[in-house]
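# Structural features, examined
Listed below are the residues making up each chain.
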Amino acid sequence: MPMSDCIFCQIAQGKIPSEMVYEDDQVIAFKDIHPLAPVHLLVIPKLHLRSLNDVTPEQEPLIAHLFGVIRRLASELNVADSGYRVVTNTGADGGQVVGHLHFHLLGGKALNAEIG
Ligand code: 5GP
Ligand code: ZN
């Protein structure tokens with residue numbers, strides 16, 4: 001059930017434009033509007049889940065599929081060998097701003113080693 005007040009649900013439905021780079025029946029990937037690296041994608045389930053905390057055991061295959069998509073996109077965007085980072089900010093201390101589960105795929109430059 002898409003949430004009408006959720007930015008990423010609206011992007012998944014095409015109601016808010018985005019630079020979409022991948023779509024299947026369960027997952028989309030689009031460019032982050034404020035890229036922090038030459039490659040900065042957001043990979044999300046179409047299903048509205050607020051964060052990783054919302055994922056049930058039954059939904060774990062969906063997350064496994066999503067990581068397969070991330071791995072293939074990293075390869076297609078030529079960062080598989082140079083290296084990349086996958087991040088999911090969760091909750092207030094995690095710095096999560098958008099309340100729809102998303103995974104940042106960052107690459108194309110040497111990223112800051114600091115992660116905390
Ligand atoms: P987080 O919730 O993990 O802190 O990050 C949310 C990310 O979503 C940010 O990197 C931000 O730039 C991105 N973002 C927020 N609103 C939009 C939007 O409307 N379109 C796109 N493409 N990215 C967005
Ligand atoms: Zn949503």
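This write-up is about the structure you can find in this document. A quick note: this is a predicted structure, and the numbers were derived from the prediction, not measured.

### Brief notes about unusual backbone geometry
Positive phi, close to 65°, is recorded for Asn 78, a residue that is not glycine. Among the residues examined, Asn 78 registers a relative accessible area of 64% and is labelled exposed.

### Side note on the coordination of the zinc ion (ligand 2)
Under ideal tetrahedral coordination, the four donors around a metal are separated by 109.5 degrees; under ideal octahedral coordination, the six donors are separated by 90 or 180 degrees. Taken together, Cys 6 (SG), Cys 9 (SG), His 48 (ND1) and His 100 (ND1) make up the full set of protein donors to the zinc ion (ligand 2), lying 2.0 to 2.3 Å away. Note that the zinc ion (ligand 2) binds four donor atoms; their angles at the metal cover 106 to 117°, and the shape is tetrahedral. Given the relative accessible area of 1%, Cys 9 is considered buried.

### Comments concerning the sheet that holds strand β5 (residues 103-107)
Paired through their backbone hydrogen bonds, the strands of a sheet run either parallel or antiparallel. Read from one edge of the open sheet, five strands run β1-β2-β3-β5-β4, paired in antiparallel fashion. Both outer strands of the open sheet, β1 (20-23) and β4 (84-87), are each paired with one neighbouring strand and no more. For this sheet, the mean angle separating the axes of adjacent strands, direction not counted, is 20°. As defined by bridge partners, strand β2 (residues 27-31) adjoins strand β3 (residues 39-45) across five bridges and the pair is classed as antiparallel. By the bridge assignment for β3, Lys 31 is matched with Leu 41. Strands in contact with helix α2 (residues 60-76) are β1, β2, β3, β4 and β5; relative to β3, the strand with the most contacts, it is inclined by about 160°.

The rules behind each value
Residues numbered from 1 in each chain as written. Chains lettered and ligands numbered in written order. Predicted model: local features only at pLDDT ≥ 70, side-chain atom pairs only at ≥ 80, totals over all residues. Heavy atoms only, no water. Buried < 20%, exposed > 50% of the residue type's maximum accessible area, 1.4 Å probe, protein only. Donors = N, O, S within 2.8 Å, 3.2 Å for Na, K, Ca; no water. Tetrahedral: all angles 85-135°; square planar, octahedral: opposite > 155°, others 65-115°. Pairing = 2+ DSSP bridges. Helix = DSSP H or I, 4+ residues; strand = E, 2+ residues; numbered from the N terminus. Axes fitted to C-alpha atoms, helices over the stretch in contact; angles between N-to-C directions. Contact = heavy atoms within 4.5 Å.

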